[in-house]
Structures are given as structure tokens and as C-alpha cells.
Amino acid sequence: MNNSLFKKIIIVNVLVLVLFSLFIVLEVAPFFKEFTREKEKLTTRQIKQEINKEEKSEAVKEQETTKEINKEDKKAEITVDYNDNLGEFSPYVFGTLSSPFVDKSGFFAAKEAGFKMIEISMSVKMPSDPEDLSQYDFTKLDQQVSAAIEYGVEPMIWFSQNKTKPEDIDGFSAFTKNILKHLTKEENNGHNWNIKVLRFGNEPDNAAFWSGTKEDFFTYYSAWAKAAKSVDENFILIAPSLMIIKDNGNIASWATEFLKYNKDNDVPLDVFSFHAYSPFIYEDFYDDFKTIKSELKKYPTLSPIYGVPKLANDEWNIMVGDAWSGSYHNQFDTAWVAAQNVMALIGMIEGGDLFLSVRYGGMFNDKKGGNFGGCHDFPLVDCDKKGKLAYYAMKAFNQFVGKTRILTKGSDFVNLGAIAGKSNKEIITIISNFDIDKYISEYPQPSKSPVSKQIDSYVSKFGNLKTYNEYKLELNNLPWGSSDELIYERYVVDEEKKLELVETKILSGNSTLSFIIEKVFAPSVQLIKVYKN
């Protein structure tokens, strides 16, 4: 091949390459550019989608968190009307118990906590000849009554029945009279103590305490009641202290038949009583009391003193203690029992205008032993005789002594209870915060406990349970003007505080005052005071 032809081939190849390159530039490049642009758009969109996905995820998390907060954290709306008077608190709702131990330190503790009444068991045994006064030994009874009066706490005397009716019912009547004359009429080497309240019986519907018939118990009570009234017609008589007040949703036959017997036989009854043990306030400490209050209205002349008998709970708590269950229950040492005890009182007062209360487990406990032997869980003081959290909660509640109860709204009587009272210069509000679900989770209930069914029944009627972590307290129709200087104080009982002052401030008077109380949790008890300086 000559040089001339070789040069021509090279030139042609170069031209083809140039033309192909020009084609790529003119035709393919725009497509590639568009492809690149689309790829960039796709990448950007994916990035944005990922960002949006993350943002959405965070939003969902936030919504779920908010939902959870809304589910758990509710603001309680509590309103108090200073002008809507509901009557003075009965002095007998501030009651406690002298047993299981007899020790003067217990009477002193009762006074320090503000209790106004203490139940004392009538410990004198009926002698073989009730008319022979030389056979009576009043030593222990006199010691207890004397100690109570010494510390300014009114004694209530409890006559517990035997398991069967006495064969000599007339002798029992004479025995009752001699006891009461010794205590109040200075007879039988006795005293003129100002004893007003007498209780008869203990759970006759419980086979552990009564093995006779209903009719026998009614006759037994009749003899006691008529004997007591013959000594002093002003004695306030309380009975029958039933264990169960409802049976399958209806008022128990023990209650209805006891009331009917007394009416038909002209037997006086001033105060009708029964017992309750439960962490679920609504049914056992509120609704039951509303029901029995309504039932008692059918007997407008049964009480020589009040007409319609008053209502009492002379044995109650969150549960029975170790002396019956056989093991120590730690919840008695916690704020759970403090909150339950206060809300139980609120429920009984608001539901049934409670006249008398004896919280079972009083001011007496001792490592050394006693009637029940050893240290117990259910008293208000520990085995070193120091107040438990429930002691301080009851001390807070006892500040209603001498106050007039006023209309208070906002309680659900399950997880929230509020009550208020006033005097001339002061208004007091107490709020109990509970959480029944959390409580039974921490302290599972016995297999036969009705609590779960009670909760389900409540939810079916009123909707889901609410728990609370904030209160709005509104006090209306207050008697103070802008020129009045007021003091606001808030005290707390919880797992860390024993009725401790946590907030105080000076306010100008107004007809309406509102307070927001934040970060409050169950279990706890709040005592809020507003008073004129």
C-alpha cells in the first residue's frame, strides 16, 4: 500500500470519529443530561421521603406519647362552695380504737392526732350472780376509760355479744345496768364519767362470732338496748355491726330483718352500723352508704334521739390485718393505706352522712406483745409506737373537727376524693389521690376478692377509670374582700412526706380563689388551708 492511500484511510477514519462524536454531543448528551437530572430528582425525592418518613415517625411517637399522657395524666376539677352548708362534721367520725393493746402512750397518740373518740371494749365478765356487785372486777375497764378521759378523748363502750344468747336474759339486763351505773352514775364504787355512746354486737352474720339464730340475736340486743336506756335515755345506741351489708346486690336480710324487728317490738336504735374492708372505695364506702341511708328513712321513729337512725361504720380498713390473715402486709406501712383511709372517710360522709367511724387498727402496737401478741401491721402506729403514713393522713382529716362541711364537687370515689369544711376564718380542703389499678398490680388481691368485678361494673356504668396528676381547686363565694390578707398553706402526705408543709403564700382576699396544684401523684393526700391572717 502506497503512502497516498494510507493517508486517505486515516483521514476518513478521523472524519468518521469526529462525526460520531458530534452525534453523541448533539443527540445523546441531552438524553444523558435529562437522565442525570431525573436521577437527581429521584435521589432528592427519596431523601425527602426518608426525611418525611422519619418526621412522620417522630410525629406518631409524639402523638402516641401525648395519647399516653392524656390517658394517664388528668387534671381534677374540684369546686368548693363556701355558702352551701351541709352541717357540722359529727365529732364521732373522728374515732379510733383502743385495742389490741392497752397503753397510755396510745391514748396520748390519739390526742396528738386529733381523734375525738376512742372505742373501748367492755372487758368485765358477767358474774354467776349479776345482782352480786362483789363479783364484778372493773379494774381494766376503769383504767382504759380513765386514760381516755385524761387525754381528752371521749370513750365509746363496746359490749360484744357471746356466741349464743345468754340463758338468763334478765340477768344479762341487770349486768348491763350495773356496768353503766358504775361508769356514769357513781354506783358500785363507780364514776360520773360523761359517756354517751354505746355499741352492741360484732358481726352476728359471721359464724366466727355468732352461732345462734337471727331471732336470738335480736332478742339479745333488745334486752341490752332497753337496759341501757333505762339507765340513761340519752345514751346513743349503736348496733348491729354487720360484716356484710349487701347480698347479690340487695340489702342483706340481716339488716332488713333487724330493723323490722326493732320497729315491731319498740326496741330503740339510734345508729345502724356495719363494716367494710376494701381498696375499692366507690362500692364499699360510698354507694353502699347511699343505699343504707335511703333504707333507714323507712324507720322515722326508730331512734328516740334522732328519729331516723344515723349511720356508722365501726370497723373498716383497706383489708384485714395479719392477726386474721396470718402474714404481715407491707401496704399498711405505705401511702396507699393513707390515701385509701382518707378517701374511705370522704366516701362514707358524702354518700351516707356518716355519723360515727372507727378505723380498725388504732394507736396501740408493741414488739413485746399484748392481747394478740407481738407486732402487727394494721394499727396506725408501728411497733416502735411511731405514726405510720396513715396516722398522718388521719391527723390531716381530723382538722375538720368543729368545722361545717360545705359542698364539694369533683370526687369520683375511686381514684379521687375531695371534701371541704369551714370555720369563721378558715376553709380547709382535703384531696386524696389513689390509683386502684396500680394498687392491685402492686398488691394482688386474693382469688375470692370482688374488686376486679367491682371495677368492671364501674367502668360499664361510668366509663374508663381516670388517674390524676394535677388539680384545679376553685373556692367560691368566699367572705373575704380585697382588703383582707389571706394565708395559703398546702401540706402533703405521700411516701416521702408526713403531713409536711410544701407550699405557702400570702394572698389578697376575693370572692373566688383558684389554685393549680401540679405534679401530684398517687398515692397521696393533700391538705389545703386558706385563712384570714
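Scroll up to find the structure.
Residues numbered from 1 in each chain as written. Predicted model: local features only at pLDDT ≥ 70, side-chain atom pairs only at ≥ 80, totals over all residues. Heavy atoms only, no water.

Novice: Mind showing me how you'd approach the state of the cysteines here?
Specialist: The term disulfide refers to a covalent linkage connecting the sulfur atoms of a pair of cysteines. On inspection of all chains with the given rule, the structure shows one disulfide. Shown here is the disulfide that connects Cys 375 with Cys 383, its sulfur atoms set 1.4 Å apart. Measuring handedness by torsion sign, the sulfur bridge of Cys 375 and Cys 383 sits at about 80 degrees and is right-handed. Using a relative accessible area of 31% as the deciding quantity, one classes Cys 375 as partly exposed. (Disulfide = S-S within 2.5 Å. Buried < 20%, exposed > 50% of the residue type's maximum accessible area, 1.4 Å probe, protein only.)

Novice: Can you help me understand unusual backbone geometry in this one?
Specialist: For residues that are not glycine, phi is negative in most cases, and the peptide bond is trans in most cases. Here Ala 239 and Pro 240 are connected by a cis peptide whose omega angle stands at 0 degrees. Checked against the element boundaries, Pro 240 lands in strand β6 (residues 236–242). A positive phi angle, close to 65 degrees, is found at Lys 385, a residue other than glycine. Relative to the helices and strands, Lys 385 resides in the loop between β12 (356–359) and α10 (389–397). (Helix = DSSP H or I, 4+ residues; strand = E, 2+ residues; numbered from the N terminus.)

Novice: I'm lost on the nonpolar core in this one. Help?
Specialist: One recurring pattern in soluble globular proteins: nonpolar side chains tend to sit buried together. Counting 128 residues, the largest nonpolar core has Ile 179, Tyr 221, Phe 272, Leu 356, Met 363 and Ile 430 as its most contacted members. Among the elements that take part in this core, helix α9 (residues 335–352) stands out by supplying 12 residues, more than any other. Setting aside anything within four residues of it in sequence, one finds Ile 430 in contact with Val 342, Ile 346, Ala 396, Phe 397, Phe 400, Gly 417, Ala 418, Ile 419, Val 525, Gln 526 and Leu 527. Listed in part, the 25 residues of the second largest apolar core include Ile 431, Tyr 488, Ile 528 and Val 530. (Core = buried A, V, L, I, M, F, W, Y, C linked by side-chain atoms within 4.5 Å. Contact = heavy atoms within 4.5 Å.)

Novice: What is the right way to read the packing of aromatic side chains from this model?
Specialist: Two numbers describe a pair of aromatic rings. These are the distance of the centres and the angle of the planes. Counted according to the given criterion, the structure contains 45 aromatic pairs. Residues Tyr 282 and Tyr 458 carry aromatic rings whose centres are separated by 5.1 Å and whose planes lie at 70 degrees to one another, so their mutual orientation is edge-to-face. Of this pair, Tyr 282 sits in helix α7 (residues 281–296) while Tyr 458 sits in helix α12 (residues 451–462), and the two are 176 residues apart along the sequence. Lying over the aromatic face of Tyr 82, Lys 422 brings its terminal NZ or CZ to 4.2 Å of the ring centre. (Phe/Tyr/Trp six-rings, centres within 6.5 Å; stacked < 30°, edge-to-face > 60°. Lys NZ or Arg CZ within 6 Å of the ring centre and 35° of its normal.)

Novice: I'm lost on the packing of helix α4 (residues 169–184) against helix α5 (residues 214–231) in this one. Help?
Specialist: Between two packed helices, the angle of one axis relative to the other and the distance separating the axes together describe the packing. Following both chains from N to C, one finds α4 and α5 inclined at 35 degrees, their axes separated by 9 Å at the closest point. Like other packed secondary-structure pairs, α4 and α5 cross with a definite hand, here right-handed. Each of Ile 169, Phe 172, Ser 173, Thr 176, Lys 177, Leu 180, Lys 181 and Thr 184 in α4 lies in contact with α5, whose residues at this interface are Tyr 220, Ala 223, Trp 224, Ala 227, Ala 228, Ser 230 and Val 231. Taken together, the residues of the contact of α4 with α5 sort by class into nine nonpolar, four polar and two charged. (Axes fitted to C-alpha atoms, helices over the stretch in contact; angles between N-to-C directions. Left-handed = near helix turned anticlockwise from the far one by under 90°. Nonpolar A, V, L, I, M, F, W, Y, C, P; charged D, E, K, R; others polar.)

Novice: Which parts of the structure should I look at to understand the pattern of salt bridges?
Specialist: Two side chains with opposite charge may pair up if their charged atoms get near one another. Considering all chains together, one arrives at 20 salt bridges under this definition. Among the salt bridges present, the one from Lys 75 reaches Glu 470, with a minimum N-O distance of 3.5 Å. One end of the pair, Lys 75, is in strand β1 (residues 74–88); the other, Glu 470, is in strand β16 (residues 468–476), with 395 residues separating them in the sequence. Glu 257 is paired through a salt bridge with Lys 214; the nearest N and O atoms lie 3.4 Å apart. Placement of the pair is Glu 257 in helix α6 (residues 253–264) and Lys 214 in helix α5, with a sequence separation of 43 residues. Each of Lys 293, Glu 350, Asp 353 and Arg 405 takes part in salt bridges that share partners, so that together they form one network. (Salt bridge = Lys/Arg side-chain N within 4 Å of Asp/Glu carboxyl O.)

Novice: I tried to follow the sheet that holds strand β14 (residues 416–422) on my own but got confused; where do I start?
Specialist: Sheets are built from strands paired through backbone hydrogen bonds, the pairs being either parallel or antiparallel. Taken in spatial order, the nine strands line up as β18-β17-β20-β15-β14-β13-β1-β16-β19 in an open sheet, and their pairing is mixed. Sheet topology places β18 (498–508) and β19 (513–518) at the edges, where each strand pairs with a single neighbour. Going from strand to strand, the sheet's axes swing by 20 degrees on average, the running direction of each strand aside. By the bridge criterion, eight bridges tie β1 to β16 in an arrangement that is parallel. Residue pairing for β16: Lys 74 is matched across the bridge by Tyr 468. Its contacts with the sheet put α10 on β14, β15 (426–433), β17 (485–493), β18 and β20 (524–532), and the angle it makes with β18 is roughly 35 degrees. (Pairing = 2+ DSSP bridges.)

Novice: In this structure, what is going on with the side chain of Thr 408? I would like to understand it.
Specialist: The residue Thr 408 is located in strand β13 (residues 404–409) in this model. The class of Thr 408 is buried, set by a relative accessible area of 9%. Polar side-chain contacts of Thr 408 include one of 3.1 Å to the backbone oxygen of Ile 406. A polar atom in the side chain of Thr 408 sits 3.2 Å from the backbone nitrogen of Ala 420. With sequence-adjacent residues up to four places away left out, Thr 408 is seen in contact with Ile 78, Thr 79, Val 80, Ala 418, Ile 419 and Ala 420. (Polar contact = N/O pair within 3.5 Å; in protein donor to acceptor, adjacent residues only side chain to side chain.)

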